[in-house]
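Here is how the chains run, residue by residue.
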Amino acid sequence: MARTAARLGVPAHPAPRRLVYRHPQQERTIARKPAAKAEQPAPAPSLAEIVAATLDDLKAEDVIVLDLKGRTSITDTMVIATGKSQRQVGAMAEYVEKALKQAGQKVTTEGMPQCDWVLVDAGDIIVHLFRPEVRTFYNLEKMWGALEAKADAPTASAVRAKAIEQG
């Protein structure tokens, strides 16, 4: 094409640029510089911290985090929280499920159609989300012996503050 353009006295156009797709990992290996010293990554937040922070952001009420290690083989941690309406309970369940999946947990959810009591099960942690009347009726805190420890149980704000302090 350049010869034809030169023969006709027309300036030659540069060849069109080709778009080249590079895989992100290939770019990283090319651009990677040797590290001067090994940096220790910040410790990952625990599942309880992730759930507590998510519920705190969504204005959950009366959030209780119960440590059940050694008391049951079902789970290590149980979180109980209250939402003001069915819509809020459903939204809290969706966001908690999303946060736990992002943390790499396999999550199952029960009770989403009614949203009176939603159970989010991620294996090591179980989250119970209630409407106020339903929470009062079932009273899980009493069943797990948390009534006397309710004042000592960490709140969502306390768990979140602890996570921020640790880095």
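Residues numbered from 1 in each chain as written. Predicted model: local features only at pLDDT ≥ 70, side-chain atom pairs only at ≥ 80, totals over all residues. Heavy atoms only, no water.

Caption draft 1: Local environment of the environment of Q88. Along the chain, Q88 turns up in helix 4 (residues 86–102). On the accessibility criterion, Q88 (15% relative accessible area) is buried. Counting along the chain gives 30 residues from Q88 to L58, while the straight-line C-alpha distance between them is 8.2 Å. A polar atom in the side chain of Q88 sits 3.1 Å from the backbone oxygen of L58. (Helix = DSSP H or I, 4+ residues; strand = E, 2+ residues; numbered from the N terminus. Buried < 20%, exposed > 50% of the residue type's maximum accessible area, 1.4 Å probe, protein only. Polar contact = N/O pair within 3.5 Å; in protein donor to acceptor, adjacent residues only side chain to side chain.)

Caption draft 2: A look at the pattern of salt bridges. Scanning the model with the defined rule gives five salt bridges in all. Across the salt bridge formed by K101 and E97, the nearest N and O atoms sit 3.3 Å from each other. One end of the pair is K101 and the other is E97, both in helix 4 and four residues apart, which spans about a single turn. R135 serves as the salt-bridge partner of E141, at 2.3 Å between the closest nitrogen and oxygen. (Salt bridge = Lys/Arg side-chain N within 4 Å of Asp/Glu carboxyl O.)

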